[in-house]
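One-letter residues, chain by chain:
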Amino acid sequence: MKKVTINKYGEKVSTEVNEEISTEKHGGHTVRSGRKIVDRSKIGQIKAKSEIGEKLPNQYTGHTYKNEPEKFRLDAHKLIYHLDRVLEWQKEERIAPVQIDMGLTKFCNVACVYCIGVTQGGMTKGEMIEPSALLRFISDCGRLGVRAIGFIGDGEPTLNPGLHDAVVLAKKLGIDTGMATNGLLLDMDRAHDMLRDMTFIRINLSAGDAKGFQKIHQVKADQFDVLLEKIMTLVRIKKENNYKCTIGLQMVLIPENFDQVIMLSKLGADLGVEYLQIKQCSDTEYKELGIDPADYKKVENDLREAETFSNKDYLVKVKWNKIDIMGETNIYKGGYRKYDICYGTPFLGQISGNGDVYPCGPFFGKKRFYMGNINKESYYDIVKSDRYWEVQEDIIKNVDVHYDCTVGCRQDYINKFLWDTKNPPEHINFL
């Protein structure tokens with residue numbers, strides 16, 4: 001029962017001391033709310049009751065659940081679930097990546113106006129990782145202990161004919177796979193293979209109607225309905241067969257599609273996908289895409305509203321940690337990272353769609369950081385080579401993350417975590 005009084009300082013004080021278990025005789029001084037406190041010796045002996053049926057303290061009748069489990073962690077990292085690999089790294093062992101993000105091609109069937117892949121060594125029609133080399137790579141990942149592979153790279157993965165066989169092999173080897181795709185060329189004859197064996201399929205869709213789709217993705221407007229039909233078919237097949245694969249959407253936020261945020265958020269719910277993530281547009285160190293992070297303030301109200309479309313079956317997640325970088329987030333403050341050294345590349349490797357192995361996507365095409373090519377050599381041998389680790393050391397010693405790197409990079413989340421492990425505060429034993 002709440003009781004409001006005015007204390008001796010003239011301040012309004014609200015307490016919930018139940019009269020049945022209260023006392024003024026406690027051998028102590030008067031506190032700011034007065035002298036009356038709970039007599040701990042009476043807890044459990046006298047059955048206190050709430051006048052309005054609320055649960056009272058110290059009834060010990062079991063848990064009250066106030067927090068929904070976090071189904072998808074889209075604006076943070078999950079490296080804390082791989083502490084065995086972190087401990088090996090701390091011992092300066094030559095570790096295998098936990099995850100690899102890779103392109104499968106260096107070309108695409110659409111021309112998204114925000115495509116950072118265009119800046120990463122350019123696009124060449126027909127250039128790809130050869131299907132036989134891709135299967136060898138998957139086997140090498142199994143030998144190394146790689147735990148996940150994201151077909152998330154510079155080109156469109158569905159243009160590589162080896163995609164589906166690679167997914168099937170990875171599943172057999174215990175490697176999780178996921179894919180980011182524009183979705184227009186999804187082979188629906190292999191839909192069961194994808195949904196059975198992949199962890200997620202994420203459709204890159206940055207518009208909520210046909211007109212916006214044509215403007216942002218630079219394809220014919222009628223392809224918008226083609227894509228929606230494929231998404232709905234995937235959702236239907238997943239549900240009919242109880243496949244575990246997560247189907248989601250991703251919107252890359254740029255000024256040209258600010259007006260599409262609400263429409264796309266509603267559309268995602270109608271399509272039956274499990275989430276829509278709205279992310280910043282990562283730009284290069286030369287600002288080649290012309291992105292000004294300050295512009296995101298103009299759409300903040302729409303982003304907040306978009307998140308209200310979330311329900312138990314559908315999540316709209318704005319990646320605030322990277323959208324609000326000009327303010328302060330978990331990883332940015334005033335436009336600068338909250339860490340000074342990149343330690344994350346050994347944990348999260350990246351491979352270009354032509355097979356070139358680099359420590360991260362923004363280094364594609366920069367020969368200083370070239371590690372090898374999986375079309376020409378074994379990925380297992382590349383990871384075990386001195387060259388691979390010389391490049392990793394070069395990054396730690398010489399790369400300035402505030403000036404040499406893409407803003408909003410892939411490793412930001414894990415880099416902040418690893419930076420903190422390398423730079424502990426004082427008195428760490430006082431938890």
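Here's what I pulled together on the structure shown here. All values derive from a computational prediction rather than experimental measurement. (Residues numbered from 1 in each chain as written. Predicted model: local features only at pLDDT ≥ 70, side-chain atom pairs only at ≥ 80, totals over all residues. Heavy atoms only, no water.)

1. Observations concerning the layout of surface pockets
Test applied: Residues are said to line a cavity or pocket when one of their atoms sits within 4 Å of a point; the points come from a 1 Å grid over protein atoms alone, cavities being sets where a 1.4 Å probe fits but cannot get out and pockets being open sets with protein on both sides within 12 Å along at least five of seven lines. Grid points are joined across faces, edges and corners, and a volume is the space filled by probe spheres set on the points.
Put simply, the second largest pocket is a space of about 610 Å³. Along the walls of the second largest pocket sit 29 residues, with Lys71, Phe72, Glu274, Lys312 and Leu315 positioned nearest its centre.

2. Topic: the nonpolar core
To keep it simple, the criterion reads: Residues enter a nonpolar core if they are buried and are Ala, Val, Leu, Ile, Met, Phe, Trp, Tyr or Cys, with the set joined through side-chain atoms within 4.5 Å. Relative accessibility decides the category of a residue: with a 1.4 Å probe and only protein chains considered, values under 20% of the type maximum give buried, values over 50% give exposed, and everything between is partly exposed. Numbering of helices and strands starts at the N terminus; helices are DSSP runs of H or I of at least 4 residues and strands are runs of E of at least 2. Working rule for contacts: check all heavy atoms of both residues, and any pair within 4.5 Å makes them a contact.
Formed by 105 residues in total, the largest nonpolar core has its most connected members in Met102, Phe137, Phe151, Leu205, Leu253, Ile278 and Tyr379. Broken down by element, this core gets its largest block of residues, seven residues, from helix α6 (residues 223–241). Ignoring sequence-local partners within four residues, the contact set of Ile278 consists of Met251, Leu253, Val261, Ser265, Leu303, Ala306, Val316, Lys317, Val318, Lys319 and Ile323.

3. Considering the pairing of strand β8 (residues 200–204)
Here is the key point about a regular strand: its side chains alternate between the two faces of the sheet. For the record, the criterion: In short, DSSP must find at least two bridges between two strands for them to pair. When the strands point away from the viewer and the path from the first strand over the helix to the second turns clockwise, the crossover is right-handed.
Counting buried residues along β8, four of its five residues qualify, which places the element largely inside the surrounding structure. Here strand β7 (residues 176–181) runs beside β8; their pairing, made up of four bridges, is parallel. Bridge assignment links Ala180 to a residue of β8, and that residue is Arg202. For the crossover that starts at β7, traverses helix α4 (residues 191–197) and ends in the parallel β8, the hand is right-handed. Across five bridges, β8 lies against strand β9 (residues 246–253) in parallel orientation. When the bridges of β9 are listed, Asn204 appears paired with Gln250.

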